[in-house]
There are 2 protein chains.
Amino acid sequence: MNIKASVPPVRPDAAAVAAMASALQQRFGNRCVTSNSVREQHGHTLSWLPVQAPDIVVYPQTTEEVSEIIKLCAAARFPVIPYGTGTSLEGHVNAPNGGVCIDLTLMKRIVAVHEEDLDVVVEAGVTRKELNEHLRDKGLFFPIDPGADASIGGMTATRASGTNAVRYGTMKDNVIQLKAVLPSGEIITTARRAKKSSAGYDITRLLVGSEGTLAVVTEITLRLHGIPEKIMAATCSFPSVKDACDTTIMTIQTGLPIARIELLDALQVKACNAYSKLDMPEQPLLLVEFHGTEQGVKEQVERFSDIAHEFGASEFQWAEKAEDRNRLWQARHDVYWATLGLRPGAKSISTDVCVPISRLADCIAETNDDIRDSGIVGAIVGHVGDGNFHCGLMIMMDDPAEIASAERFLERLAARAIRMDGTCTGEHGVGQGKMKYLEAELGAGTLNVMRAIKQAIDPDNIMNPGKVLKPVA
Amino acid sequence: MNIKASVPPVRPDAAAVAAMASALQQRFGNRCVTSNSVREQHGHTLSWLPVQAPDIVVYPQTTEEVSEIIKLCAAARFPVIPYGTGTSLEGHVNAPNGGVCIDLTLMKRIVAVHEEDLDVVVEAGVTRKELNEHLRDKGLFFPIDPGADASIGGMTATRASGTNAVRYGTMKDNVIQLKAVLPSGEIITTARRAKKSSAGYDITRLLVGSEGTLAVVTEITLRLHGIPEKIMAATCSFPSVKDACDTTIMTIQTGLPIARIELLDALQVKACNAYSKLDMPEQPLLLVEFHGTEQGVKEQVERFSDIAHEFGASEFQWAEKAEDRNRLWQARHDVYWATLGLRPGAKSISTDVCVPISRLADCIAETNDDIRDSGIVGAIVGHVGDGNFHCGLMIMMDDPAEIASAERFLERLAARAIRMDGTCTGEHGVGQGKMKYLEAELGAGTLNVMRAIKQAIDPDNIMNPGKVLKPVA
């Protein structure tokens, strides 16, 4: 394996930008935009990383148009940055070298619903809520639910998951085939629509989580699931975070097919109560959901209650009606906004470690101590059934000492997770923010395999440069 | 993306083989073997493809020893062919250019069982039955079950699945991390042990199904599942294959979490009755299994029975005791041997198409007509819950006309599956036999992405050359 020095991305100069803008405007008219506000908005993500705006934003309507744009960029060696809803958390849509942002939000077709096969073909700009809205009448749903109403293209690119992953898996498990545009502009389809295949390298899974650095995904075929006959949600409170974690571990170990099991620490509950006008007891809380038949859910509820009571659970509140459940889950999905309310004026940094579930209680306990010792304001929320949790750190961005303290905390947290055989990112992706942890997590050899793949598929380094892989000299 | 002409594998000459054998014998003593019988045995697979023996067979005991062997091979540009149990079906372990066969059957350690995390770390030579034997006392099991008692390394390399895939997924879904040796001899670990991660390209999934053409997998961390509280198996007979298929489709669509649903056509039932001393009615048959709680299985059984009766099912036979269930499933796993009994002296060709389930009944019906019109003796068995089925074709290998007729049938079958948006291989892999279908199935662009990856990771083309990807000039 020959790892060459990374090709540095070219930063187009003013003349090159003007020429590219002119070519794109000629082809796409007012779907090519260079105004400052639109450019700035496309370098903005839900992150604390500084905005790095692209030079040009263009809005294709079809895969063929994406191909045309990329061909122009390839000829001029222009950076290409794909954009969905801008809700990523690690600077994925920043343009450190300028370039063309391909905004996929006009690609909103639901191309086909195959009810018999339990799959759907969508364009990259469709959001998860739009998809589920479309599917509802058919009795089907798509379970992956990151906090934001993200686009399916963006969720594919970051290997997203969310609250349902403990039962339904992540994007890796729910993508059947992809249509994507390579750095040359060539359009490929990565697989057929069969449920499984052993036909060569798994290019579908290679593109899932590749964050736009190998190709731009334009169309996605997803597995669907039937809306369960019966759904029951509940919250219950625990004396300590450890008791809530131990309940989770025991629930998973006994093979209970729980659909969702989310932990909120006391501070997070307080933030949610304030933001979402709820009145949950302000102590560690599990928010759970059960899917199945009438009988099956009844049985799951009984078994879970038994386990939770063993660990001191109290204040069970059950939500059976859709509107009550939705209210709870909307509050869960709004934790990002809720924590922002904890400290007006602060920006939120959302961490994302994931560890084997046997280490979860330890990892959260050490992290809680670290938050306290660092004097940081931070709340914890987690997809604990997967061993994945987030700290929402509230940081004043005009205080360099506070930023430095947060950065040191992030480094300790990543090192802690890796020491416990975990990952620095369970579901947010690498982007710009997590590049520095990958070598400790995966080793130089595995990183070099990634670099070899990147160099082979994108030799000119035009695809979302400056993300995922640190350059080598 | 620059696809260079493929590097032709070097076929070592007699002097090079003698030098390599001497170097390996010096290091590994009698764990390096060059006798004709052992070499022939290692080019033998359960396939109709001609045996192509390696020059040398070596039996490492550790990952480090695999690395040493590969370093020697890399220096001499010797082909490297990994070998598990030799039960692959498409010539995967053939050595068309000679070289060193790395037989992993001495690597049988079960490195760690993490009961709390529901995972296990095994060396590549452990077989699926050995693993489940080891796990039984702990109340855990590993569900993936190709017909043969294959090695976990081989199952990883071919992205195997089997009868449980409809509920538990394939190897792609059940591998957490891999230890593997690159063509340079470097040892990598592809991921941490956390249940999910978004940390860069999914090198784990890239190696699953890569058939030893990118690296030799030496250690695998697998997801485990709790042995269900209650298991119930059953057979039932149908007036036609279509009725059995329609029952399957309806079962999947209603979201019934069936663990196994296997179709045998009348000829296959007859073969199994003879081979396994059973007395199932000789008409199309579904063999099903339900996993869950006492209550849950009862409910599944009722719902499935209702559906099956709608499509004319009769002769339900229930198997609840482990020995009765095992007898049924052993018969299912022995279909390869059973079909061989249909036509003494014949060799079996096992096909492996997989289509979206909505097309399954059509695909099987057309294939049945084709078998009849071709005058071939062939039985059908399938993992129909996944849309995957196999024809066991009984061919006299001394009759060129019969072989030619079978080859034309295989081409029509692959084309039919691809036309129905399916794949030429659901679980057996590409090996030598299916290379010619990949371009029709995936397109030149996706194949070129695979070639770029192969060339980047294995530039000298020493890893299992002549498999998966046809060379380009």
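Scroll up a little and you will see the structure.
Just so you know, these numbers come straight off a predicted model, no measurement behind them.

**Student:** Just give me the short version of the interface of chain B and chain A, but keep the residues and values in it.
**Tutor:** Listed as interface residues are 85 residues of chain B and, on the opposing side, 85 residues of chain A. A combined buried area of about 7,000 Å² lies between chain B and chain A, and 54% of that area is made up of carbon and sulfur atoms. Considering only the surface of chain B that becomes buried against chain A, Arg192, Lys196 and Tyr201 of chain B emerge as the three largest contributors, covering 14% of it. Across the contact surface, chain B and chain A share twelve salt bridges. Counting every contact that joins chain B to chain A gives 44 residue pairs in polar contact (both at pLDDT 80 or more).

**Student:** Tell me what's going on with the packing of aromatic side chains, and back it up with residues and numbers.
**Tutor:** All told, the structure shown has eight aromatic pairs over all chains when counted by the stated rule. Here the basic side chain of Arg27 of chain A rests over the ring of Phe28 of chain A, its NZ or CZ set 4.6 Å away from the ring centre.

**Student:** Mind laying out the side chain of Glu262 of chain A, listing which residues take part and the relevant values?
**Tutor:** Residues and elements named next belong to chain A. Inspection of the secondary structure puts Glu262 in strand 13 (residues 260–264). Residue Glu262 is classed as buried on the basis of its relative accessible area of 0%. Within the local environment of Glu262, its side chain forms a polar contact with the side chain of His383, the two groups lying 2.7 Å apart.

**Student:** So what's going on with the pattern of salt bridges? Residues and values would help.
**Tutor:** Considering all chains together, one arrives at 70 salt bridges over all chains under this definition. Among the ionic pairs, Glu123 of chain B bridges to Arg109 of chain B, the shortest N-O distance being 2.8 Å. Residue Glu123 of chain B is found in strand 6 (residues 119–123), and its partner Arg109 of chain B is found in the loop between strand 4 (100–103) and strand 5 (110–114); the two are separated by 14 residues along the sequence. Since its relative accessible area comes to 5%, Glu123 of chain B is described here as buried. Because the salt bridges share partners, they merge into one network encompassing Asp117, Asp119, Arg192 and Arg193 of chain A together with Asp421 of chain B.

**Student:** Quick one: what's the story with the sheet that holds strand 12 (residues 230–237) of chain B, residue by residue and with numbers?
**Tutor:** Residue and element names in this part refer to chain B. Spatially, 15-12-14-13-17-18-16 is the arrangement adopted by the seven strands of the open sheet, whose pairing is antiparallel. Pairing within the sheet leaves two strands with one partner each, and these edge strands are strand 15 (314–319) and strand 16 (347–350). Each neighbouring strand pair of the sheet contributes to a mean axis angle of 15 degrees, computed without reference to strand direction. With four bridges joining them, strand 16 and strand 18 (residues 388–395) adopt antiparallel strand pairing.

**Student:** Any details on the packing of helix 9 (residues 241–253) of chain A against helix 11 (residues 294–310) of chain A? Residues and values, ideally.
**Tutor:** All names here are of chain A. The geometry of helix 9 relative to helix 11 is characterised by a closest axis approach of 9 Å and an angle of 145 degrees between their N-to-C directions. Where helix 9 crosses over helix 11, the two elements pack in a sense that is right-handed. For the pair formed by helix 9 and helix 11, the contact residues are Thr247, Met250 and Thr251 on the first element and Phe304, Ile307 and Ala308 on the second. Here the contact of helix 9 with helix 11 is composed, by residue class, of four nonpolar, two polar and no charged.

**Student:** An account of the relation of the copies chain B and chain A is needed here, citing residue identities and associated values.
**Tutor:** Between chain B and chain A, the superposition needs a rotation of 180 degrees and an axial shift of 0.0 Å, giving an RMSD of 0.0 Å. Expressed as an axis order, the relation between the two copies is that of a two-fold axis.

**Student:** Before we move on, could you go through the packing of helix 16 (residues 438–457) of chain A against helix 16 (residues 438–457) of chain B and cite the residues and values that matter?
**Tutor:** Orientation of helix 16 of chain A relative to helix 16 of chain B, taken along the N-to-C sense of each, is 130 degrees, at an axis distance of 9 Å. As the angle between them shows, helix 16 of chain A and helix 16 of chain B are arranged oblique. For helix 16 of chain A against helix 16 of chain B, the interelement crossing comes out right-handed. Contact residues: Val449, Ala452, Ile453, Ala456 and Ile457 of chain A in helix 16 of chain A; Val449, Ala452, Ile453, Ala456 and Ile457 of chain B in helix 16 of chain B. Residues of the contact of helix 16 of chain A with helix 16 of chain B, tallied by class, amount to ten nonpolar, no polar and no charged.

**Student:** Give a detailed account of helix 10 (residues 266–276) of chain A, specifying residues and quantitative values.
**Tutor:** All names here are of chain A. All of the buried residues in helix 10 are Gln268, Val269, Ala271, Cys272, Asn273 and Ser276. Residues of helix 10 that are buried make contact with strand 13, strand 14 (285–292), helix 12 (322–333), helix 13 (335–340) and strand 17 (377–383). Looking at the residues trailing helix 10, positive phi occurs at Lys277, about 55 degrees.

**Student:** Please give an account of the nonpolar core that cites residues and values.
**Tutor:** Ranked by size, the top nonpolar core spans 230 residues in total, and within it Ile453 of chain A together with Ile453 of chain B carry the most contacts. Aside from chain neighbours lying at most four places away, what touches Ile453 of chain B is Tyr201, Ile203, Leu206, Ile453 and Ile457 of chain A together with Leu206 and Leu214 of chain B.

Definitions and limits used
- Residues numbered from 1 in each chain as written.
- Chains lettered and ligands numbered in written order.
- Predicted model: local features only at pLDDT ≥ 70, side-chain atom pairs only at ≥ 80, totals over all residues.
- Heavy atoms only, no water.
- Contact = heavy atoms within 4.5 Å.
- Buried area = accessible area lost by both parts, 1.4 Å probe.
- Salt bridge = Lys/Arg side-chain N within 4 Å of Asp/Glu carboxyl O.
- Polar contact = N/O pair within 3.5 Å; in protein donor to acceptor, adjacent residues only side chain to side chain.
- Phe/Tyr/Trp six-rings, centres within 6.5 Å; stacked < 30°, edge-to-face > 60°.
- Lys NZ or Arg CZ within 6 Å of the ring centre and 35° of its normal.
- Helix = DSSP H or I, 4+ residues; strand = E, 2+ residues; numbered from the N terminus.
- Buried < 20%, exposed > 50% of the residue type's maximum accessible area, 1.4 Å probe, protein only.
- Pairing = 2+ DSSP bridges.
- Axes fitted to C-alpha atoms, helices over the stretch in contact; angles between N-to-C directions.
- Left-handed = near helix turned anticlockwise from the far one by under 90°.
- Nonpolar A, V, L, I, M, F, W, Y, C, P; charged D, E, K, R; others polar.
- Least-squares fit on C-alpha atoms with pLDDT ≥ 70 in both.
- Parallel < 35°, antiparallel > 145°, perpendicular 65-115°, else oblique.
- Core = buried A, V, L, I, M, F, W, Y, C linked by side-chain atoms within 4.5 Å.

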